[in-house]
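Observations on the model geometry
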Amino acid sequence: METQKENGQQCPGPTKSSRTRVESLREKRERLREEMRRASAQLADAEAKADRLARIEARQRERQEREQLGTLCKQAGLDRYRLPSDGNFPDAHPALDAHLLGGAIFWLSKRMTVMSSEDLAVMREEGVTRAEEMHGKRDALMKRDATEPATARGEMERPLAFDLPE
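Residues numbered from 1 in each chain as written. Predicted model: local features only at pLDDT ≥ 70, side-chain atom pairs only at ≥ 80, totals over all residues. Heavy atoms only, no water.

Looking only at helices and strands, the protein features 4 helices and 0 strands. The order of α-helices and β-strands along the protein, N terminus first, is α-α-α-α. Counting the 166 residues in the protein, one finds 3% classified as buried. A sequence separation of at least 24 residues applies to 13% of the contacts in the protein between residues at least 6 apart. Of the roughly 15600 Å² of accessible surface on the protein, 56% is carried by carbon and sulfur atoms. (Helix = DSSP H or I, 4+ residues; strand = E, 2+ residues; numbered from the N terminus. Buried < 20%, exposed > 50% of the residue type's maximum accessible area, 1.4 Å probe, protein only. Contact = heavy atoms within 4.5 Å. Areas by Shrake-Rupley, 256 points an atom, 1.4 Å probe, with all protein chains shown as cover.)

Following this line, the structure appears as structure tokens:
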């Protein structure tokens, strides 16, 4: 049997030394750590964005509910309950009496908890009827405003004082 040295070929020996294998494993570990840091940062960023979005949606929902409650109070006629006007600002509209309205709504809420489902259904129907009446009034006002001349929308007419005889 011939040896490889006789043919002029070298012995193949190990393809990788144990040292280069250890180095490549260390490099791979560092790459994986860096990838884990990036993924953790992306996850933290996504969680922060989700929290911010949830807070924004909650504020929007709260504002919509407040506006809806204000509209309902106006439809029910509660907007007439205002604080006595302040003598300092006679032209200013008096503010709503929030404490009175809050107490009335709290009282209503307590009474509603003991109402039957039939009573609640009657109240709901009353609310639907009232809302339809308000929409009808609003539509009538919009039609009236559309048929009025342009001067009703803020355009000023020429005062007669400027039409002096010549």
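Residues Arg52, Arg55, Arg59 and Arg63 make up a contiguous surface patch of positive charge. In this fold, Arg59 is placed in helix H2 (residues 18–75). (Patch = residues over 30% accessible without salt bridge, like charges linked within 9 Å, V, L, I, M, F, W, Y side chains within 5 Å. Salt bridge = Lys/Arg side-chain N within 4 Å of Asp/Glu carboxyl O. Lys, Arg positive; Asp, Glu negative; His and termini not counted. Charge placed at Lys NZ, Arg CZ, Asp CG, Glu CD.)

A separate point is the side chain of Asp97. With respect to the element layout, Asp97 can be found in the loop between H2 and helix H3 (98–112). The side chain of Asp97 is buried and forms no salt bridge, while Arg82, the nearest opposite charge, is found at 10 Å. Excluding residues that lie within four positions of it along the chain, Asp97 makes contacts with Tyr81, Arg82 and Leu83.

Further remarks concern a nonpolar patch on the surface. Residues Trp107, Leu108, Met112 and Met123 make up a contiguous nonpolar surface patch of about 350 Å² in total accessible area. Ranked by residue count, the leading element in the nonpolar patch is H3, at 3 residues. By the secondary structure assignment, Met112 is in helix H3. Overall, the relative accessible area of 33% leaves Met112 in the partly exposed class.

Attention now goes to the confidence of the model for the protein. For the protein, mean pLDDT is 79; residues scoring 70 or higher make up 72% of the total. By mean pLDDT, the top-scoring element of the protein is H2 (92), and the lowest-scoring one is helix H1 (residues 4–7) (57). The model gives residues 158–164 a pLDDT under 50, and that stretch makes 1 contact with residues more than four places away or in other chains. (pLDDT = per-residue confidence, 0-100.)

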